[in-house]
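Structure assessment
In case you want the letters, here they are:
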Amino acid sequence: MASSVLLSHPLSSQCHLPKRKVLSPNPSRFPCFYLKTANHCKPFNAHLPNRPTKLKNFVLQVAKTEAEGREGSQLVGEDSAVFILSKQKISSWVYFTGILGVVLYVLNVVWIDNSTGFGKVFIDAVSSVSDSPEVVMLLLTLIFAIVHSGLASLRDTGEKLIGERAFRVIFAGVSLPLAVSTVVYFINHRYDGVQLWQLQGVAGLHELLWFSNFISFLFLYPSTFNLLEVAAVDKPKMHLWETGIMRITRHPQMVGQVMWCLAHTIWIGNSVAVAASVGLIAHHLFGVWNGDRRLGIRYGEAFEAVKNRTSVIPFAAILDGRQKLPDDYLKEFLRLPYLSITALTLGAYFAHPLMQAASSRLHW
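Thresholds applied
Residues numbered from 1 in each chain as written. Predicted model: local features only at pLDDT ≥ 70, side-chain atom pairs only at ≥ 80, totals over all residues. Heavy atoms only, no water. UniProt positions renumbered as here; feature names shortened; annotations may be inferred. Helix = DSSP H or I, 4+ residues; strand = E, 2+ residues; numbered from the N terminus. Salt bridge = Lys/Arg side-chain N within 4 Å of Asp/Glu carboxyl O. Buried < 20%, exposed > 50% of the residue type's maximum accessible area, 1.4 Å probe, protein only. Phe/Tyr/Trp six-rings, centres within 6.5 Å; stacked < 30°, edge-to-face > 60°.

An unreviewed UniProt entry annotates the protein as 15-cis-zeta-carotene isomerase, chloroplastic of Sesamum alatum. Recorded in UniProt for the protein, the comment headed Subcellular location (unreviewed entry) runs: "Membrane".

See below:
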């Protein structure tokens, strides 16, 4: 403030202020000012021949940690669950709404409606193999797994032959009806079979399993959030995700499915629930191997880099130091897709009676 007043004064040219002496850091006095990475540790060490060993080791360790932190912050894969409103096109979401309506209508007419669709015929054909609901449940899961994982394995070849969008339409058009029939059969027969245990009267168990089931939906694979790609409005891509849930586990879909299966099996406690869980978990464990194989073929060294700092088992890479969480890690979950999943999961829970009533009228 004083200097600005002097400069604006008419006699300020006659005022001679003493010059300030600018001090520059002396490398011999302040060697740490020049220490940027662990690669500069040798010259720094030379300046401290007489300093205590503990001090030198401490500063060297700080330098090494900072260097590793900078290296770990360089993402090779993509940032997951990103939704930027300003980049969305209204026309794309109009197309998505139209496509969704057409798909649901065709699915109902061709598959779900017992009077016109083939869903009941398919269920009856599989059920004719055995009178055991456990066997039928396993067969339905096996058929879905073969079709779903088989088409996924053929994705690279299929996309080269007919294009990304056309292959996605075929993939969804075959997988979706099979998934619906498998889920509907499980809902309709969930209390059949042999009762193995009965724990529904245990205090607090319902709340614990409900929370576990709720968390399982946060472990959806990030590609699920790309609805425009799922509906082939945008060109579908095979993504290499690295942030968000991928920091906890490289295969969140498998982990979420295991959590869901355990919660429902413990609560229902019969042989049909066990059969369904065994089939679904086995399918997703195969998906762990197959998914890594496909990403390795597509991305090569980039996938190996992501693989080296992530893990299949949740939190394993974090605990052994291969995955370093950023300070603002939780912000990677404060995004619209996760908020939407939270709302939909709560809605699905309260809509369970409606879902059960609707399933009882399907394939029955």
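With that out of the way, let us pick up the UniProt feature "transmembrane region" (unreviewed entry) in the protein. In the UniProt entry, the feature "transmembrane region" (unreviewed entry) is given for residues 93–112, 135–154, 166–188, 208–233, 254–282 and 336–355. End-to-end, the C-alpha atoms of residues 254–282 are 10 Å apart, and along that stretch the chain is 93% helix and 0% strand.

Under the definition given, this model contains nine salt bridges. A salt bridge links aspartate 156 to arginine 298; the shortest N-O distance between them is 2.4 Å. Here arginine 298 lies in helix H12 (residues 271–299) and aspartate 156 lies in helix H7 (residues 155–162), a separation of 142 residues in the sequence. For aspartate 156, a relative accessible area of 24% corresponds to the partly exposed category.

Turning our eyes to something else, we now look at the packing of aromatic side chains. Describing an aromatic ring pair means giving the distance of the ring centres and the angle of the ring planes. Counted by the stated rule, this structure contains 11 aromatic pairs. Judged by centre distance (5.7 Å) and plane angle (80°), the rings of tryptophan 210 and tyrosine 349 are edge-to-face. Placement of tryptophan 210 in helix H9 (residues 205–216) and of tyrosine 349 in helix H15 (residues 336–350) is noted, with a sequence separation of 139 residues between them. Overall, the relative accessible area of 28% leaves tryptophan 210 in the partly exposed class. The partly exposed category is assigned to tyrosine 349, whose relative accessible area is 30%.

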